[in-house]
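Structural overview
Residues per chain, in single letters:
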Amino acid sequence: MKRSTVKELLTSTETNRDVRLKGWVRTRRGNNQVAFIAVNDGTIIHSIQVVADLGSFPEETMKRVTTGSSISVTGKLVESMGKGQSVEIQATEIEILGDCDPEEYPLQKKGHSFEFLRENAHLRFRTNTFGAVFRIRHALAFAIHKYYNDKGFFNLHTPIITASDAEGAGAMFKVTTLDLDGAPKNEEGGIDFTQDFFGRPTNLTVSGQLEGELGATALSSIYTFGPTFRAENSNTPRHVAEFWMVEPEMAFYDIHDNMDLAEDFLQYLIQYTLEHCQDDLEFLNKMVDKGLLERLRFVMDNPFERKTYTEAVDILMKSGKKFEFPVHWGLDLQSEHERYLVEQHFKRPVILTDYPRDIKAFYMKQNDDGKTVRAMDVLFPQIGEIIGGSQREERMENLLERMREMNIPEDELWWYLETRKFGTVEHSGFGLGFDRLIMFITGMSNIRDVIPFPRTPKSADF
Ligand code: 4AD
Ligand code: MG
């Protein structure tokens with residue numbers, strides 16, 4: 001008989017039929033006559049109840065039905081008399097697929113701390129919370145492709161190994177096959193990268209944007225969706241060294257079109273999750289974050305507040321609130337400032353624009369005031385910055401001037417500059433931190449708990 005998933009069985013209206021189920025035992029209770037076994041196979045948050053009359057099965061087999069063991073059950077799907085489930089399985093055959101020693105299995109008890117589960121990240125998929133988080137993560141990855149595909153955007157695969165530093169941030173992981181101990185030296189005494197794999201220094205990318213701009217200035221609208229890497233030594237609940245970013249880039253878009261897209265995109269993703277991941281969201285709302293569903297609906301229903309950086313600094317300075325980090329015009333905003341604006345002042349998501357040019361990347365379009373650039377950051381409750389983007393500087397002269405001021409080598413970016421040389425157009429784009437989005441939508445408060453195997457300073461286990 002073909003195996004049915006727990007999801008298929010629990011959503012079935014056709015009872016009194018023989019079925020086969022395979023999965024992992026979550027809990028077992030009962031008495032000396034009957035065992036109630038909760039079996040889960042990860043296809044849905046709920047487990048299905050298997051009822052086994054102890055008299056009908058060898059004691060040897062039943063002894064091995066323990067939390068964490070994998071079993072195959074054949075039996076009748078019947079309406080359940082018990083509370084909490086609509087159907088259950090009256091077992092006729094039970095086969096142990098894999099034993100699980102109760103003395104050794106780390107996930108015996110309910111309610112392990114997230115720290116403990118992080119140390120057991122290889123097994124945490126088997127808990128309700130992490131099952132829910134990773135099903136939602138999947139649903140959102142799918143929804144992102146659907147959203148852009150439906151809008152006529154093309155998915156562009158930009159390189160992971162790159163020779164350019166898109167953000168000019170300098171926090172990059174080097175990629176080399178040279179022997180670290182005996183690396184060949186050049187005449188100046190530095191490392192001779194001509195002998196390295198690519199014949200030049202290379203890094204893991206921090207962003208696919210620059211290559212994305214090449215795509216957009218030919219295909220009109222593209223998006224990238226892939227891993228990006230930052231070697232910044234930030235130990236916060238919102239930073240990791242390896243994260244996924246979605247970067248749409250659109251020709252003929254100005255900053256207002258860019259903001260409209262960002263807002264519509266985020267609301268679409270929340271709506272999609274509310275429609276497709278109901279069970280998982282309800283579980284997380286109950287067990288992890290009681291305000292979750294309310295917050296998601298709130299973001300769906302309220303237009304984002306749009307303000308300039310200058311207006312935001314004004315609000316922060318007049319707030320009378322004591323912040324840990326200083327606020328004045330010209331300094332970058334910290335997450336405490338962003339969250340104050342969103343959670344306490346505006347009480348809704350905020351898009352800030354027109355940041356001081358000195359704290360933003362070289363490629364952003366310069367405003368006529370000579371001080372600010374057409375940057376936009378989307379700030380969310382609980383998270384702070386979830387999206388960073390801008391209208392791009394499409395004027396060759398202005399772009400070159402900025403690159404010289406910031407010591408960005410023109411010869412290394414010759415290919416990027418050619419988009420401005422040959423048929424340049426107004427264009428814009430942004431990057432959504434996918435993992436921060438998952439934090440917001442699941443209510444998980446640490447980014448390490450929405451990534452299957454997170455990479456952070458001093459930690460690259462599994
Ligand atoms: O603001 P960022 O650095 O922007 C860019 O990389 C642009 N090239 C994007 C573009 O315009 N195409 O990063 C974009 C987003 C941030 O808003 C944040 O959500 C996320 O990426 N992010 C991180 N997420 C987790 N860990 C980190 N270390 C992150 N750094 C940025
Ligand atoms: Mg940013």
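What counts, and at which threshold
Residues numbered from 1 in each chain as written. Chains lettered and ligands numbered in written order. Predicted model: local features only at pLDDT ≥ 70, side-chain atom pairs only at ≥ 80, totals over all residues. Heavy atoms only, no water. Helix = DSSP H or I, 4+ residues; strand = E, 2+ residues; numbered from the N terminus. Polar contact = N/O pair within 3.5 Å; in protein donor to acceptor, adjacent residues only side chain to side chain. Near = heavy atom within 4 Å. Areas by Shrake-Rupley, 256 points an atom, 1.4 Å probe, with all protein chains shown as cover. 1 Å grid on protein atoms, 1.4 Å probe; cavity = no way out; pocket = protein on both sides within 12 Å on 5 of 7 lines; lining within 4 Å. Sits in = over half its atoms within 2 Å of the grid points. Nonpolar A, V, L, I, M, F, W, Y, C, P; charged D, E, K, R; others polar.

What follows covers the environment of Asn31. In this structure, Asn31 sits in the loop between β2 (17-30) and β3 (34-40). Through-space distance from the C-alpha of Asn31 to that of Leu54 is 9.1 Å; in sequence the pair is 23 residues apart. A distance of 2.9 Å separates the side chain of Asn31 from the backbone nitrogen of Gln33, its partner in a polar contact. Here Val34 takes part through its backbone nitrogen, which lies 2.9 Å from a polar atom of the side chain of Asn31.

Turning our attention to the site of ligand 1. What surrounds ligand 1 is a group of 24 residues, the closest being Glu167, Gln209, Arg230, Glu247 and Glu385. Separating a nitrogen atom of ligand 1 from a side-chain N or O atom of Ser207 is a distance of 3.0 Å. For ligand 1, an oxygen atom lies 2.8 Å from a polar atom in the backbone of Ile386. Relative to its free-state accessible area of 620 Å², ligand 1 is covered by the protein chains to the extent of 93%. Among the cavities detected, the one that contains ligand 1 is the second largest pocket. Looking at the shell around ligand 1, the elements that each hand over two or more residues are β12 (242-251), β16 (384-391) and β17 (427-433). Of the residues forming the shell around ligand 1, the biggest block, five residues, is contributed by β16. When its residues are assigned to classes, the shell around ligand 1 shows eight nonpolar, eight polar and eight charged.

Spatial relationships are all this shows, so hold off on functional conclusions.
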